[in-house]
Amino acid sequence: MGWRWQITTAIRLLIVLWLALASLLVGPLPVQAEGGSAPVVEVRADTLGLPAATHPLAASYAKPSVMLRAGDQVSFTVTVPQAGAYALAIDAAVPEAVTFIPPELLVQIEGQPERWRLMVPLFYHDTADQFPLDRYGNETLIPQARLARWSRVFLRDPNFSQPYPIALTLPAGRQRISLSLGESELVLGSFYLLPAIDSYPSYAVYRASRQAPASSGVLIELAAERPSFKNDTSVRPISRRNLDVTPYDPYHLRMNALGGESWSRSGTTVYYEFTVPQSGWYAITLRAIQDYKNHFTVYRRILIDDQVLFAELNAVPFSYNPNWRNNTLGGATPYQIYLERGRHVLGIEATTAPYHDSIERVRAGLKAIADLAFAIKRLTGNQIDIYKEWEIADYIPDIRERLAALVNQLRTDQQALLAVNQTPASPEVLAYQMAIDNLEVLAQDPNRIPTRMSRLSEGAGSAAHLLGSILPSLQSQPLALDTIYIHSPDIIPPEPNITAGAIVTDWFQRFLASFHSNPYQSIGAAPDELEVWVNRPQQYVNLLQRLADERFTPQSGIKVKFSIMPNESKLILACAAGTQPDIALGVSTNIPYELAIRNALYDLRSFPDFDRFIRIYAPGSLLSYIINDSVYAIPETQDFWVTFYRKDILETLNLPVPQTWNEVLEILPELQRFGMNYNTPLSSGGGMKGYLVTAPYLFNYGASLYTPDGMSGLGSDEAIQAIRFMAESFTIYGMPLTTASFYDSFRAGETPVGISNFETYLKLLTAAPEIDGLWDIALYPATVLPDGRQLRYATGSAQAAMMFANTDKPQQGWAFLKWWMATETQVAFQQELIMNFGLEYLWNSANLEAFRFTPILAAHRDVILQQWQWLQEPIKLPGSYMQERELSNVWNRIVFQGANPRVTIDNAVTVINREIVRKMTEFGYIRNGERVRTMTTPTIETVKEWMAHAN
């Protein structure tokens, strides 16, 4: 007990305090492996041959660590003690500066062809202790921030649908393993090989493994809407207007629950930190509701301190129920979980593990149907003739067996799903049954399949489409949580005591509140406020209002009131009634011209700094807002048209990614030989083919939409060549006349390459996990002109911002528009959107500088920015709507009626010019058949000159 002991004790105490502080700052130190298995092999970071990490995260790790940056690769040799199955894990942490794309490591074992993707999670947490209130007293989301936290990351399937980490089969002896990082950066600790996990111990085994007393009298209540951290920003608090949920307010929105439809993707996890006052056995109760999917059971994986303690916690079921209820894990005989006194972390992860086998079999079924459909189309030449008879069995001898095997497989899956959900009324069960019925009909007479492809693979009622609808349904696992209780076995968590009087009072209060208008949709602002209408949902308006209140108003002294736009199609009526706002945001790109030509909009180019300000845009994006030398709107968001392609399918077919239309035509026969095709924007949508999809053909043949005097330019030789190619793509080269959904056919592999836009990109990025890493994008195909020039112009209109002519605050309005479209504001708005709502709310800013900060793959971002160099919007002139319509009619007549292109175009030009003259007369450009006012036709070069000569 001398001075040495005192010094040693003091040092130990300081170390404990330091570790506790580090844990608070950056999260817990690396956890043990799942199931508590000891590692068979550990490779420390200081043996990897890279410099030790100097990042602050390294100080919180008990062992040496290294920093990996984009493109880095580490290789090392491990000695496997005996042949068998192993799980792979790493200790890793991701710095706060990394954006919203989780780092991905490619794992390669020497001598094995397969490469595995190891996804390193990002963590997020609230930046405040209370939900902020908006100006109407409603709670809004707390801004999120990245949390740098060490975790042990196991190699799992990228879709997080398998119940256990991937098992790697390794021979005994020395094995060379490589880890390579794609984008982003991370701090890497140790690497581990552990015994493969093929099952967890049962609850009975777990309960018998420890003798300890039960805790007593402990009830810990956690508000589910306030997780300590989470691994996906899309999982967010929600407001449920229900007395069963706390807190509740009949007049204002309260963020009183978590998840719902925003918490449905497998692998998304929320974590709750809590402290138990005594060691012992505890129960866990989740107050939850699953009223999102009728007759369907969803699952959650429960982790305690990052471990699944026993098998029953690997997939806890939550069946459909329209009412909130307390779900104690284990049901009537609650599971008892041993917790040491002190701090713990409860993790709740959405999981599709119980449906994993069904999901894989549905995919296998879809592939089997696709293979069979391809074989039949190859046999018939993809030509349907109801009068032609086929002996399919002579060419595909096992066709009956293949159909029967598929029916048996689907019936087995249907029964398994029925056993889980226990009702034949489940939409998934019904879809299985209809698919089975289709296949049984086809199996009865395989020779008639060529004329019954609508039952096999084509159309909304086909077996392929029905199975395709089951797949996303099985992958969706929505659940909402209100409260989490960690409690002693002798405690029963409280249920809300809702009396009849409380129900009547609440009904009466909400009845009275229904007479008040929605404040977000109320029009009108105070005299000292700038009024802005926004054509977007409420969450956008809330965020805009907060950013303006926090940033714009303090900087400028200008107050702004945002409202949800009542109806953008009635803006002209609002102008006539004098109820229009000062500014409108999110307006469809076709509206500004119609308002401007009627003198309802303010000429933004009248501001002296306008030409300098627009340098943030692609020059071609402004063309549809220009009348003579005036500009009446500015782009706010921007679309893009690029080539989407399935890397796996093109590699299998040994086809290149087409860079020009000539190359597209070269690969078409091979695609069509296997029943596939190439998608163009003309294949999508309805019968009306607008400028959005037709104008690029004319631009890329060097044609102008209008002559210098404002008449139709469709009669030029270049325009005729362009229109002829538009038609021949379908009449001669066999591109699909209609594509119900390129996104769906692209996922299914039916249309593995084609042109599409931002909407498809966002869906593939967020809602197609099964082809993650199997697709990519390239530039819009170029048209090669006789002189060797390659043109790849494409449109990109999305939404615009504009100022009304009779505003009494033009300077304040222009200051607001400049602030709103400034790079700093656009980046902040984008980050807040994604932090609060997830990547599904990706913001495609028209500000090119801001778009460079978009959290998508750098390679994709570069392709989009390069394509935007070719962005060209169709100009608007009086009567231009008639040319847009007639151009569509010309295409339809040539393709569907076999009309002569030149005759059809000449007739269309006559109709177009007649309407242009009529509209020019209406707007004062022509009087008594004579032109009395000059109309300037804007070009991209015009806008570039403005930008170049700006002060």
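Residues numbered from 1 in each chain as written. Predicted model: local features only at pLDDT ≥ 70, side-chain atom pairs only at ≥ 80, totals over all residues. Heavy atoms only, no water.

Colleague: How would you explain the overall build of the protein chain if you had to name every residue and give the values?
Modeller: Along the protein chain, the regular secondary structure elements total 27 helices and 39 strands. Classification of the 951 residues of the protein chain by burial places 55% in the buried group. For the protein chain, the exposed area adds up to about 40300 Å²; of that, 52% sits on carbon and sulfur atoms. Computing the positive centroid from 77 side-chain charges and the negative centroid from 94, the protein chain places the two 1 Å apart. (Helix = DSSP H or I, 4+ residues; strand = E, 2+ residues; numbered from the N terminus. Buried < 20%, exposed > 50% of the residue type's maximum accessible area, 1.4 Å probe, protein only. Areas by Shrake-Rupley, 256 points an atom, 1.4 Å probe, with all protein chains shown as cover. Lys, Arg positive; Asp, Glu negative; His and termini not counted. Charge placed at Lys NZ, Arg CZ, Asp CG, Glu CD.)

Colleague: Please set out the nonpolar core residue by residue, giving values where relevant.
Modeller: Of all hydrophobic cores here, the largest spans 132 residues; its most connected members are Phe562, Leu585, Leu698, Met802, Phe816 and Leu817. At eight residues, the largest contribution of residues to this core is made by helix 18 (residues 717–731). Sequence-distant contacts of Leu698, defined by excluding residues within four places in its chain, comprise Ala703, Leu705, Leu714, Ala719, Ala722, Ile723, Met726 and Leu887. Core analysis: the second largest hydrophobic core is formed by 79 residues, Tyr203, Val235, Leu403 and Leu456 among them. (Core = buried A, V, L, I, M, F, W, Y, C linked by side-chain atoms within 4.5 Å. Contact = heavy atoms within 4.5 Å.)

Colleague: Before we move on, can you summarise the sheet that holds strand 5 (residues 104–109) with the specific residues and values?
Modeller: Read across the open sheet, the four strands follow the order 3-11-5-6; overall the sheet is antiparallel. Of all the strands in the sheet, just strand 3 (73–80) and strand 6 (115–119) have a single pairing partner and so form its edges. Across the sheet, the mean angle separating the axes of adjacent strands is 25° when strand polarity is ignored. (Pairing = 2+ DSSP bridges. Axes fitted to C-alpha atoms, helices over the stretch in contact; angles between N-to-C directions.)

Colleague: Quick rundown of the pattern of salt bridges? Include the residues and the values.
Modeller: Once the charged atoms of two side chains with opposite charge are near each other, the side chains can pair. With the rule as written, the count across this model stands at 38 salt bridges. Of the charged contacts in the structure, one is a salt bridge between Lys63 and Glu42, with a shortest N-O distance of 2.7 Å. Of this pair, Lys63 sits in the loop between helix 2 (56–59) and strand 2 (66–69) while Glu42 sits in strand 1 (residues 41–43), and the two are 21 residues apart along the sequence. Exposure remark for Lys63: the relative accessible area of 23% places this residue in the partly exposed category. Residue Glu273 is joined to Arg343 by a salt bridge in which the shortest nitrogen-to-oxygen separation is 2.9 Å. Of the two residues, Glu273 is situated in strand 17 (residues 269–276) and Arg343 in strand 23 (residues 342–350); the sequence distance between them amounts to 70 residues. Each of the salt bridges in this network shares a partner with another, and the network as a whole consists of Glu104, Arg117 and Asp772. (Salt bridge = Lys/Arg side-chain N within 4 Å of Asp/Glu carboxyl O.)

Colleague: I'd like a rundown of the sheet that holds strand 31 (residues 642–646), residues and numbers included.
Modeller: Read across the open sheet, the four strands follow the order 32-33-31-34; overall the sheet is mixed. What marks the edges here is a single partner per strand, and that holds for strand 32 (678–679) and strand 34 (775–778). The pairing of strand 32 with strand 33 (residues 753–756) spans two bridges and is parallel. If you follow Tyr678 over to strand 33, its bridge partner there is Val753. Against the sheet, helix 20 (residues 758–767) engages strand 31, strand 33 and strand 34, with an angle of about 155° to strand 34.

Colleague: Explain empty space enclosed by the protein residue by residue, including any values.
Modeller: Inspection of the entire model under this criterion finds eight cavities of 30 Å³ or more. Considering the residues around the largest cavity, the lining is formed by 13 residues, among which Asp126, Gln144, Glu225, Pro227 and Lys230 are closest to the centre. Top contributing element to the lining of the largest cavity by residue count: strand 7 (residues 123–126), with three residues. Here the lining of the largest cavity is built from residues that sort into six nonpolar, three polar and four charged. (1 Å grid on protein atoms, 1.4 Å probe; cavity = no way out; pocket = protein on both sides within 12 Å on 5 of 7 lines; lining within 4 Å. Points joined across faces, edges and corners; volume = space filled by probe spheres on them. Nonpolar A, V, L, I, M, F, W, Y, C, P; charged D, E, K, R; others polar.)

Colleague: Got a sec to walk through the environment of Arg902? Specific residues and values, please.
Modeller: With respect to the helices and strands, the residue Arg902 is situated in helix 26 (residues 901–922). Sequence separation between Arg902 and Gln721 is 181 residues, and the spatial gap between their C-alpha atoms is 9.7 Å. Filtering out sequence-adjacent residues up to four positions away, Arg902 remains in contact with Asp717 and Ile720.

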